[in-house]
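Notes for the structure review
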Amino acid sequence: MGSLPSVLEYSPMSHHMSILQEITGESSIDGRLVRSYKRSFNGFAARLSEPEREKIAEMEGVVSVFRSEKLHIQTTASWDFMGLKEGNNTKRNPAVESDTIIGLIDTGIWPESESFSDKGFGPPPKKWKGVCSGGKNFTCNNKLIGARDYTREGTRDLDGHGSHTSSIAAGNALAGASFFGIGNGTARGGVPAARIAAYKVCTSTECGSEAVLSAFDDAIADGVDFISISIGGGAARRYEEDTTAIGAFHAMAKGILTVNSAGNSGPKPTSVGSVAPWILTVGASTTNREFLTKVVIQNGKTLSGRSVNAFDLQGKNYPLVFQGSEAKGKILVSVYSFSSDVAVATITKDYKNYATISSRPLSALSPDDFDFLVSYVNSTKSIQGTVLKTEAEFNQKAPKVASFSSRGPNPIAVDLLKPDITAPGVEILAAYSPLGSPTEDIDQRHVNYSVLSGTSMSCPHVTGVAAYIKTFHPDWSPSMIQSAIMTTAWSMNASDTGVASTEFAYGAGHVDPIAALNPGLVYELDKADHITFLCGLNYTSKTLKLITGEAVTCTGNTLPRNLNYPSMSAKLSETNSSFTVTFNRTVTNLGTPNSTYKSQIVLNHGTKLSVKVSPDVLFMKSVNEKQSFTVTVSGDNIDPKLPSSASLIWSDGTHNVRSPIVVYTDVPNDSI
């Protein structure tokens with residue numbers, strides 16, 4: 001905050017934007033700048049990490065920097081959080097958006113959901129070649145234009161997962177959506193005017209890998225523009241054994257981008273399950289909304305726990321007792337993470353750090369608050385309290401990568417950074433199947449909208465962003481869209497110590513839909529580049545054919561790290577010696593003609609690397625012009641428990657094209 005300068009030409013908003021661009025290194029700060037104050041005083045509200053806040057506080061002319069107060073918000077907020085606002089507040093291309101088809105490979109879909117109503121929709125796009133084979137009593141419409149089943153159950157969603165992911169990507173805007181009043185707001189997808197095709201490959205117990213490959217085969221032939229698959233098989237597999245990677249390779253060859261969830265096996269290193277460069281791999285992070293369930297104890301102290309608790313005890317106090325005591329008519333305090341069937345409510349210790357739906361009144365307290373409560377109950381002969389209904393509150397620390405989100409490094413191609421990007425995947429409200437249980441317990445409630453967390457939720461967010469980009473750039477290839485998303489991402493800083501809080505958690509950063517529309521430069525890749533990459537991994541012609549479906553002969557020996565990827569990563573063989581590694585890259589100008597891009601290197605995590613770029617200036621005379629450069633990274637005695645990283649930023653004054661650079665050795669599993 002500061003006073004308004006007297007210079008007549010001064011524009012407060014432009015000044016605020018330039019400050020944020022300088023601090024964050026991002027070309028577009030639409031997702032950062034919350035509000036600009038420019039009439040009575042000079043200041044702005046923005047989403048900042050703690051290091052960014054400290055940098056601004058030290059700038060000349062800045063009087064003060066302080067946190068906003070915690071306010072209650074009631075909105076379905078993930079798209080707003082990313083800057084993709086509702087209705088006319090976001091630039092749209094409705095005609096092209098309506099011609100966009102997203103194929104979702106999942107547990108099916110609930111066709112009667114209002115999120116998939118075709119009110120206001122015209123007939124399916126002429127390019128659509130698919131069918132509606134959803135099974136008995138299943139009807140498609142002009143929104144849900146296709147359905148196929150590979151489970152013998154029919155395409156109807158019996159679980160809720162597929163309906164949830166479908167509505168995140170492309171669901172209609174529906175006002176008044178909530179889970180029993182919790183999170184009330186407008187539920188909508190990233191591209192609400194787009195069409196949906198559902199490919200059911202999962203039952204409630206399993207997803208067949210052969211079904212996944214069949215779904216890819218059909219989706220490609222049906223004419224989808226994107227494939228979103230929030231399914232994973234746990235540990236990463238070699239590409240020729242990974243049906244998602246094989247199917248996605250064929251999709252890429254046909255100009256279709258596949259977006260895949262990173263997995264929910266974090267924070268353990270090397271747990272990322274989606275590791276192919278022709279797939280956009282998505283981790284999960286928080287938004288600025290969190291669901292908190294308060295515990296009020298007799299002394300008036302309030303403790304905030306996590307759960308999605310739709311039950312209201314009307315503020316009535318009940319005795320607090322421990323596990324092993326008679327709990328009927330009382331509130332059970334237990335270290336176990338499940339609710340009691342006989343207690344009025346349960347207070348547990350939070351092991352997840354995110355809220356899940358409970359089938360009975362429950363609040364999961366942080367370890368510190370739980371220990372305080374236990375100590376307080378032990379010191380008091382008789383203490384009472386109550387558990388309140390969940391409320392949505394403002395989360396000042398977002399975005400932060402979820403603990404469950406699978407981490408790198410990539411165990412299959414060690415010189416390829418995965419995951420690629422992170423997106424909202426924690427406590428997401430979206431459409432659901434009324435046949436699916438909202439909890440893992442026995443739960444008699446049936447809902448049309450529910451709250452879920454996982455990289456399954458973050459994946460369709462990025463699918464929606466990719467589709468949004470293509471509505472403005474229909475001629476962009478999958479690699480161009482992927483590059484635009486990665487190089488314009490919000491930079492993220494380590495939220496904790498250890499490898500779990502580095503680029504192995506979030507890749508290039510947090511997706512920024514608006515900035516990705518205008519990336520300036522992109523890193524392009526085609527089928528031949530990916531084949532060269534596989535050859536560099538010493539794949540034989542026989543193995544290559546399993547992936548590509550055609551006879552391929554490798555020529556030359558190109559290092560995998562020289563794949564023209566938007567990120568740069570190299571695994572070193574030793575930790576205690578000096579090293580030098582190089583990365584060769586080529587960028588394509590999608591900005592303006594006669595532009596000059598200058599390189600900048602930003603070192604991260606206290607890294608002591610030497611990074612040189614040659615040439616360090618690129619002169620782009622025309623649009624679509626390509627220019628190559630080399631990045632040379634050198635150093636010695638790097639930390640074996642943490643990656644050494646930096647960012648390369650190409651800037652022409654308008655665009656900031658950022659790529660992470662990561663150098664590491666073997667990362668032990670205990671380094672989280």
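Under the heading Sequence similarities (unreviewed entry), UniProt records this for the protein chain: "Belongs to the peptidase S8 family."

Moving on, we get to the packing of helix α5 (residues 161-170) against helix α9 (residues 455-472). At their nearest, the axes of α5 and α9 sit 7 Å apart, and the two run at 30 degrees to each other. With respect to α9, the element α5 is oriented roughly parallel. Between α5 and α9 lies a crossing whose hand is right-handed. Two secondary-structure elements touch here, α5 through His-161, His-164, Thr-165, Ile-168 and Ala-169 and α9 through Ser-456, Met-457, Pro-460, His-461 and Gly-464. When grouped by side-chain class, the residues that make up the contact of α5 with α9 number four nonpolar, six polar and no charged.

Remark: helix α6 (residues 209-222) packs on helix α7 (residues 243-253), axes separated minimally by 9 Å, with the N-to-C direction vectors making an angle of 10 degrees. When the axis of α6 is compared with that of α7, the two are roughly parallel. Facing Ser-209, Val-212, Leu-213, Phe-216 and Ile-220 of α6, the residues of α7 in contact are Thr-243, Thr-244, Ile-246, Gly-247, Ala-248, His-250 and Ala-251. The residue inventory of the contact of α6 with α7, partitioned by class, reads seven nonpolar, five polar and no charged.

In the UniProt entry, the feature "active site" (unreviewed entry) is given for Asp-106, His-161 and Ser-456. For this annotated set, covering 351 residues, all C-alpha atoms fall within 9.7 Å of each other, a compact arrangement in space. Of the residues named above, Asp-106, His-161 and Ser-456 line the second largest pocket. One can find Asp-106 in strand β3 (residues 101-106). We classify Asp-106 as buried; its relative accessible area is 2%. Aside from chain neighbours lying at most four places away, what touches Asp-106 is His-161, Gly-162, Thr-165, Tyr-199, Lys-200, Val-201, Cys-202, Ser-230 and Ile-231. Note on placement: His-161 falls in helix α5. If we ignore the near neighbours within four places in the chain, the residues touching His-161 are Asp-106, Thr-107, Ser-230, Tyr-432, Ser-456 and Met-457.

Cut-offs and rules
Residues numbered from 1 in each chain as written. Predicted model: local features only at pLDDT ≥ 70, side-chain atom pairs only at ≥ 80, totals over all residues. Heavy atoms only, no water. UniProt positions renumbered as here; feature names shortened; annotations may be inferred. Axes fitted to C-alpha atoms, helices over the stretch in contact; angles between N-to-C directions. Helix = DSSP H or I, 4+ residues; strand = E, 2+ residues; numbered from the N terminus. Parallel < 35°, antiparallel > 145°, perpendicular 65-115°, else oblique. Left-handed = near helix turned anticlockwise from the far one by under 90°. Contact = heavy atoms within 4.5 Å. Nonpolar A, V, L, I, M, F, W, Y, C, P; charged D, E, K, R; others polar. 1 Å grid on protein atoms, 1.4 Å probe; cavity = no way out; pocket = protein on both sides within 12 Å on 5 of 7 lines; lining within 4 Å. Buried < 20%, exposed > 50% of the residue type's maximum accessible area, 1.4 Å probe, protein only.

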